[in-house]
Amino acid sequence: MTKEPAVRLAILLLGLLMTVFIVYPLFKVIETSFASTDGIFVYQKLITDPVLRRPVLNSLLLGVIVSCISTLIGYFFAYLVGRTNLPGKFLFRGMATFPLIAPPFIVALSAIILLGRQGIITRLFEWDFSIYGFWGLLIVQSLHLFPLAYLVVLGALETIDPSIEEASINQGATGWQTFWYVTLPLSFPGLGSSMLLTFIESLADFGTPLILGGNYRVLSVESYLKIVGAEQDLSRGAALAILLLVPTLTAFFIQKFYLERKPYATVTGKPSTARIADVGRFPKIILAAIALLISSLTILFYGTVFYGSLTQIWGVNHALTLGHFLTTFREGADYVGNTFILAAIATPLDTLLGLTLAYLFVRKKFAGRGAMEIISMLTFAVPGTVIGIGYILAFNTKPLLLQGTWLIIVLLFIFRNMPVGVRAGIATLKQIDKGIEEAAHSLGASSLQVFRDITLPLLKPALFSSLAHSFIKCMVAISAVIFVVSGRWNLITIAILGYVETGELSQAAALCVFVMMVVSAVLVFLRIATRGRRREFVRN
């Protein structure tokens, strides 16, 4: 256990907060899962039931493939933006983050309009293709999750000192050899975090499978339908959701076991004047062509949403109108204001909490560190519906009566989104040589001063990743917050879902476009605010 009072106090305070706002709600869900008539045998019956075993296998298959595809696409865009001097790459940076800023079920609706049985593309080319099922889920989830992979991997790539690649080229290695033997291995922390996060996101997603799943049943939807469907079986639904922890925690331990046995530090604090190496003309053409193809698909899917927001009745009457946007300003001001205020409060707190935990996990040794790291990932591994129900069960009585207040929404935002800040921070810290901080310590700086003046500036790539992801997730969250919103504190995604349920898809699309505009403006602001001069800091 560290002997520094400030560090010990921080560990105790963070441990207490995670116990109250992560462990306790999940304990209430587990406790509720045993309240069924099956008692302690509820999980045995779920595992041995062939009907319920199929969604488990389907979820695992989909999660693995989606994590591979989304990480591959995310790495491609991150390399293009972070390690090349391709002209106009800022456009690809925007395209890589654009899919994150809309609720995923709206993308699913766009997929139906384009590729459904009566879809525009399906009828145009007379395709015998069904968007419902595995392939539809694979397309939509990969398109929606690759920006998350991009943000995490970009943070890791931007941390690699270009002088290492320059040394490889000076020794006679080709550009491809430098990438394969130098750049790619050094980005393994980011790749591992990316695959873990996208795998968990795929398993926990219920909005897309609910709309596009068809006969391809996944565990998150099964648990959701058990809880809020016709059966109203809260205990069995909670038990199904708890089963999702097994594959996600297994993936977490595999990633942790593999990456912690190899060094990835590249930021040593030594002066460096190296620049990013030119990848060559032919590779640039290949990179640009693939990026344009993926960007075109993104524009097609999200352009359909924009077009739908301007139509009288989406899919029926395509006469153009701005009436839905006027309705958004007239009737949706409270929803928009509430969502923005609560997201603005939660985002910096969530990021500070995540990066502080990452620093403690990587740089400090203390009793219970492994347990705290696992607990910090739990809210990401469990479906949002279960987290929301856990908060309702945990905070509806005194002395922790928070139900109906804005605070319960902010706390849910903070602890639900914190794992991305933790993983991005860990991935970046593993690439920063401890010698920089040890030098500051030897000159008499405290741990707080070292974290504030040395480590935090070096974490700026992870800082942007965490801030961007947290704010976006707050703006488009629905699965967890739908259980904790109130008449006074309602959110824009709840309004969108209401319009979808009543068939007012054009109005729902208009609200989505408005959300995307707000989030885009905030992302630009965050990028400018966190750009800084990190490389100059490292060189000096």
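Enquirer: Describe the side chain of Ser470, with residues and values.
Expert: In this structure, Ser470 sits in helix α23 (residues 460-476). When sequence neighbours within four positions are dropped, the list of residues in contact with Ser470 reads Thr347, Asp350 and Asn417.

Enquirer: How would you explain helix α21 (residues 434-442) if you had to name every residue and give the values?
Expert: Among the residues of α21, Ile436, Glu437 and Ala440 are the ones counted as buried. Down the axis, α21 shows its buried residues gathered within 90 degrees of arc, on one side only. Among the structural elements, α17 (333-363) and α22 (447-458) are those in contact with the buried residues of α21. Downstream of α21 by a residue or two, Gly444 has a phi angle that is positive, lying close to 100 degrees.

Enquirer: I'd like a rundown of the environment of Thr385, residues and numbers included.
Expert: By the secondary structure assignment, Thr385 is in helix α19 (residues 384-394). Between the C-alpha atoms of Thr385 and Asp205, which are 180 residues apart in sequence, the distance is 9.8 Å. Each residue touching Thr385, except ones within four places of it in the same chain, is listed here: Phe206, Tyr224, Ser479, Ala480 and Phe483.

Enquirer: Can you explain the pattern of salt bridges? Please cite residues and give values.
Expert: Applying the stated criterion to the full structure yields three salt bridges. Residue Lys473 pairs with Glu201 through a salt bridge whose shortest N-O separation is 3.4 Å. With Lys473 in helix α23 and Glu201 in helix α10 (residues 188-204), this residue pair connects regions lying 272 residues apart in the sequence. Judged by relative accessible area, Lys473 falls into the buried class, the value being 19%. Since its relative accessible area comes to 14%, Glu201 is described here as buried. Between Glu222 and Arg217 there is a salt bridge whose closest N-O contact spans 3.3 Å.

Conventions and cut-offs
- Residues numbered from 1 in each chain as written.
- Predicted model: local features only at pLDDT ≥ 70, side-chain atom pairs only at ≥ 80, totals over all residues.
- Heavy atoms only, no water.
- Helix = DSSP H or I, 4+ residues; strand = E, 2+ residues; numbered from the N terminus.
- Contact = heavy atoms within 4.5 Å.
- Buried < 20%, exposed > 50% of the residue type's maximum accessible area, 1.4 Å probe, protein only.
- Arc of directions from axis to C-beta.
- Salt bridge = Lys/Arg side-chain N within 4 Å of Asp/Glu carboxyl O.

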